[in-house]
Amino acid sequence: MHKLRFIIFAPLKISIMKKGTIFLNILILFVFVSCNEQVVEQGDRGYHVQVGDRVENIDFTFPNGSVMSLDDLKCKVVVLQCTASWFSVCRKEMPFLEKEVWQKYKDKDFMLIGVDYDEPVDKVLAFTEKMKTTYPMALDPGGEIFLKFSYKKSGVTRNVVID
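Residues numbered from 1 in each chain as written. Predicted model: local features only at pLDDT ≥ 70, side-chain atom pairs only at ≥ 80, totals over all residues. Heavy atoms only, no water.

**Q** Got a minute to help me understand the packing of aromatic side chains in this structure?
**A** For any pair of aromatic rings, geometry is given as the distance between the ring centres together with the angle between the planes. Tallied over the entire structure, the rule returns 3 aromatic pairs. Centroid distance Tyr105 to Phe110: 6.1 Å. Interplanar angle 65°. Geometry classified as edge-to-face. Across the pair, exposure class does not vary: Tyr105 and Phe110 are buried alike. Residues Tyr117 and Phe146 carry aromatic rings whose centres are separated by 4.9 Å and whose planes lie at 75° to one another, so their mutual orientation is edge-to-face. Separated by 29 residues along the polypeptide, Tyr117 in strand β8 (residues 110-117) and Phe146 in helix α3 (residues 144-147) bring together distant segments of the chain. An identical accessibility class is assigned to Tyr117 and Phe146; each is buried. (Phe/Tyr/Trp six-rings, centres within 6.5 Å; stacked < 30°, edge-to-face > 60°. Buried < 20%, exposed > 50% of the residue type's maximum accessible area, 1.4 Å probe, protein only. Helix = DSSP H or I, 4+ residues; strand = E, 2+ residues; numbered from the N terminus.)

Structure (structure tokens):
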């Protein structure tokens, strides 16, 4: 079981101390856009989870057919970046995440996983190539991973930090 550490709503700097030895400084540029039609409490910003909630195991399937689970990433800080090729905010965020987060921390106890919201493999591959990102991009048919954290009608760009 993993613990939800942060739900990122706006530009901020996060410092996480992991096992007393690793400090991870992430500056995430995040613009929240929501076309939320559901009634949600003010302040939840489209998330139905809270900081500190336990996260059940998630299996991530990648375009090449390989599978990785959240359980495989124990002892790592994991950032899930929910994205979609058609969403402009995602396209603006991805180069920043690639350069300022993934390239700086990929060799540490850290994993950034893009989670592409309900798009076919060919579109995900083309999107990843166009964005020139090298961090792994998981498929999310039907938005099942997205829905573990957010309401269906919430804005797609979501970043969740799991420790």
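**Q** Honestly, the pairing of β8 in this entry has me stumped. Any pointers?
**A** As a general feature of sheets, a regular strand has side chains that alternate between the two faces. When you tally the buried positions in β8, you get 8 out of 8 residues, the bulk of the element. Taking every second residue as pointing to the same face, both faces of β8 are buried, with Phe110, Leu112, Gly114 and Asp116 on one and Met111, Ile113, Val115 and Tyr117 on the other. Bridge analysis of strand β7 (residues 77-83) against β8 gives 7 bridges, and the strand direction is parallel. When the bridges of β8 are listed, Leu80 appears paired with Ile113. The parallel pair β7 and β8 is bridged by helix α1 (residues 88-105), and the resulting crossover is right-handed. Alignment of β8 against strand β9 (residues 137-140), held across 4 bridges, turns out to be parallel. Each residue of the ladder has a partner; that of Tyr117, found in β9, is Asp140. Remark: the β8/helix α2 (residues 121-131)/β9 crossover connection has right-handed handedness. (Pairing = 2+ DSSP bridges. Right-handed = clockwise from strand over helix to strand, strands pointing away.)

**Q** How should I be thinking about the nonpolar core in this particular structure?
**A** A general tendency of soluble globular proteins is for nonpolar side chains to be buried together. Phe60, Leu80, Ile113 and Phe149 are the most contacted members of the largest nonpolar core, which has 43 residues in total. If you list the elements that add at least two residues to this core, you get β7, α1, β8, α2, β9, α3 and β10 (158-162). The greatest single-element share of this core, amounting to 7 residues, is contributed by α1. (Core = buried A, V, L, I, M, F, W, Y, C linked by side-chain atoms within 4.5 Å.)

Nothing here speaks to function; it is geometry throughout.
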